[in-house]
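# Summary of the model geometry
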Amino acid sequence: MSILSQNETILNSLNAFSKAFNEDEMRLDGVAWQQAEKKYASWLNSYQNQYGYYDLLLINKNGDIVYTVKKEADLGENIHSSILNMDSLSKLFEQSQTEAEIQDFSPYAPSKHSYAAFFGAPIKEQGEFMGIVALQIPHDHIDNITNERFGMGNTGEVYLVGRVGTNSFYRSDRIVKTGSIGSEKQDKHTELALDGNTGQNIKLGSTDKIELVSYAPLKIMGLNWAIVVTKNFEEIKQPIYRFQRLILYAGAVLILVLLIASLITSESALRPIHKLLKGTKSIENGNYKTQIPDPGSDELGTLTRAFNHMAKSILKSYSEREQAQKVAEDASTAKDEFLASMSHELRTPLTSIIGNSDFLLDNGNCGQDNCPQQDAYKILLSIQYALNSS
């Protein structure tokens, strides 16, 4: 604001409008005033639009309002003698002749008695007071900020309060509960905040529901304001409830996932064991060539490799036993064939010997030292035994 008041265009425009105002005998349709408007109005209007002020006013050192962007009923009036209610602007003029000041919200008659606040700063030329530049602030600009609903839910709201004298009033409109700018607001937390305290508390609201209220002072030059935030306590706890439910749902899903993973892991772990049992039964049924695929390098893999080694050893032992049995059977067959052949070959000469022995037994004479009959008898017995054995 001080920078604006020191702008050369502001000084030149004030001087031009003030001079025209006097030359045209305080008429706003005079040639001099219209020439000043043509020269400076564009710049002044641009500044007012750019920063969103409701109006920009130039007031000379006599209290004459020589220019306004809005051209409402205050244009051309003198703040000291006007029949219009311009108390707030009159106070601003008196307070801002040395430095920038702000005047709190109050009804302003030229703007259809709507609530308005004013910024003001002195315009000086070589140290001499020439007048002030005033910026009119509409209360809806503040409402646009305090009535922002992001994060406030259904019951939360922000509002401003201000103290004038010993009384406290709203400085913004409420949208959840009843309360508008300028209406009186007196309660414990409002007074604490306006006394410079910051805090929060739980109270029973006007709707008989528990509310959380937070408050803090606002340090704005020349103003005693505070900000208050209220919200239904149950609604505040809703995010906590939602978070708790989210934790429960997430826990249930996690347990389900772990259970499925456990079943899959168990099945995967039991599959090699089932294969080992199947292989054992296969060997038990005489299938000694059974081999089980190696599942890996873990303990089950070691057990599977040991089983396969055992199966190979059993197969080797069984094969060797079968081979030995076959050799033994072949030897027995060869023996039988040899004996049969020998028996056949011996039977003819032995038969001849039996005939001769029978002859000796029948015709032989035994001497003192020699008895052919006895020898023939012994030979005959031996041959009979051999023939019977074959």
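Attention here is on the structure that accompanies the text.

Calculation rules
- Residues numbered from 1 in each chain as written.
- Predicted model: local features only at pLDDT ≥ 70, side-chain atom pairs only at ≥ 80, totals over all residues.
- Heavy atoms only, no water.
- Pairing = 2+ DSSP bridges.
- Helix = DSSP H or I, 4+ residues; strand = E, 2+ residues; numbered from the N terminus.
- Axes fitted to C-alpha atoms, helices over the stretch in contact; angles between N-to-C directions.
- Contact = heavy atoms within 4.5 Å.
- Buried < 20%, exposed > 50% of the residue type's maximum accessible area, 1.4 Å probe, protein only.
- Core = buried A, V, L, I, M, F, W, Y, C linked by side-chain atoms within 4.5 Å.
- 1 Å grid on protein atoms, 1.4 Å probe; cavity = no way out; pocket = protein on both sides within 12 Å on 5 of 7 lines; lining within 4 Å.
- Points joined across faces, edges and corners; volume = space filled by probe spheres on them.
- Nonpolar A, V, L, I, M, F, W, Y, C, P; charged D, E, K, R; others polar.

## Examining the sheet that holds strand S3 (residues 101-108)
Two modes of strand pairing occur in sheets, parallel and antiparallel, and in both the strands are linked by backbone hydrogen bonds. Read across the sheet, five strands follow the order S2-S1-S5-S4-S3 without closing on themselves; strand pairing throughout is antiparallel. Edge positions in the sheet fall to strand S2 (65-68) and S3, since each of these pairs with one other strand and no more. For this sheet the average axis-to-axis angle between neighbouring strands, irrespective of direction, equals 25°. Sheet analysis places strand S4 (residues 114-125) next to strand S5 (residues 128-138), joined by ten bridges and oriented antiparallel. Bridge pairing in S5 places Ile-123 opposite Gly-131. Sheet contacts for helix H2 (residues 8-23): strand S1 (55-60), S2, S4 and S5; angle to S1, the most-contacted strand, approximately 65°.

## Quick look at the pairing of strand S6 (residues 157-164)
In terms of residue burial, S6 counts as a mostly covered element, since seven of its eight residues are buried. Two elements, S6 and strand S10 (residues 223-232), share six bridges in a ladder whose sense is antiparallel. Looking at the pairing, Glu-157 lines up with Thr-230 of S10. For S6 and strand S7 (residues 167-170), the ladder comprises four bridges, and the chain directions are antiparallel. Its bridge partner lying in S7, Val-164 is registered against Asn-167. Between S6 and S7, which pair antiparallel one after the other, the connecting turn spans two residues, and Gly-165 there sits at a positive phi close to 70°.

## Details of the nonpolar core
Counting residues in hydrophobic clusters, the biggest one holds 24 residues, and the most contacted among them are Phe-17, Leu-44, Leu-56, Leu-58 and Tyr-67. Only H2, helix H3 (31-51), S1, S2 and S5 provide two or more residues apiece to this core. The dominant element in this core, judged by the number of residues it contributes, is H3, at seven residues. Non-local contacts of Tyr-67, meaning those with residues more than four positions away in its chain, are made with Phe-17, Trp-33, Ala-41, Leu-44, Asn-45, Leu-56, Leu-57, Leu-58 and Leu-75. Grouped together as the second largest cluster of nonpolar side chains are 14 residues, Met-86, Leu-92, Phe-93 and Ile-132 included.

## Focus: the environment of Gly-179
Relative to the helices and strands, Gly-179 is located in the loop between S7 and helix H6 (188-194). Judged by relative accessible area, Gly-179 falls into the buried class, the value being 12%. Taking the C-alpha atoms as reference points, Gly-179 and Phe-169, ten residues apart in sequence, are found 9.6 Å from one another. Once residues within four sequence positions are removed from consideration, Gly-179 is found in contact with Tyr-170, Ser-172, Asp-173 and Arg-174.

## Section: the layout of surface pockets
In this structure, the largest pocket spans a volume of roughly 290 Å³. Along the walls of the largest pocket sit 17 residues, with Asp-104, Phe-105, Ser-106, Val-164 and Arg-171 positioned nearest its centre. The element that contributes the greatest number of residues to the lining of the largest pocket is S3, accounting for five residues. A class-by-class count of the residues in the lining of the largest pocket yields six nonpolar, six polar and five charged.

## Some thoughts on the environment of Lys-91
Position of Lys-91 relative to the elements: it lies in helix H4 (residues 87-95). Lys-91 gets classed as partly exposed once you look at its relative accessible area, which sits at 46%. Each C-alpha atom of the pair Lys-91 and Ile-102 lies 9.6 Å from the other, and the pair is eleven residues apart in sequence.

Worth remembering: the numbers are spatial, not functional.
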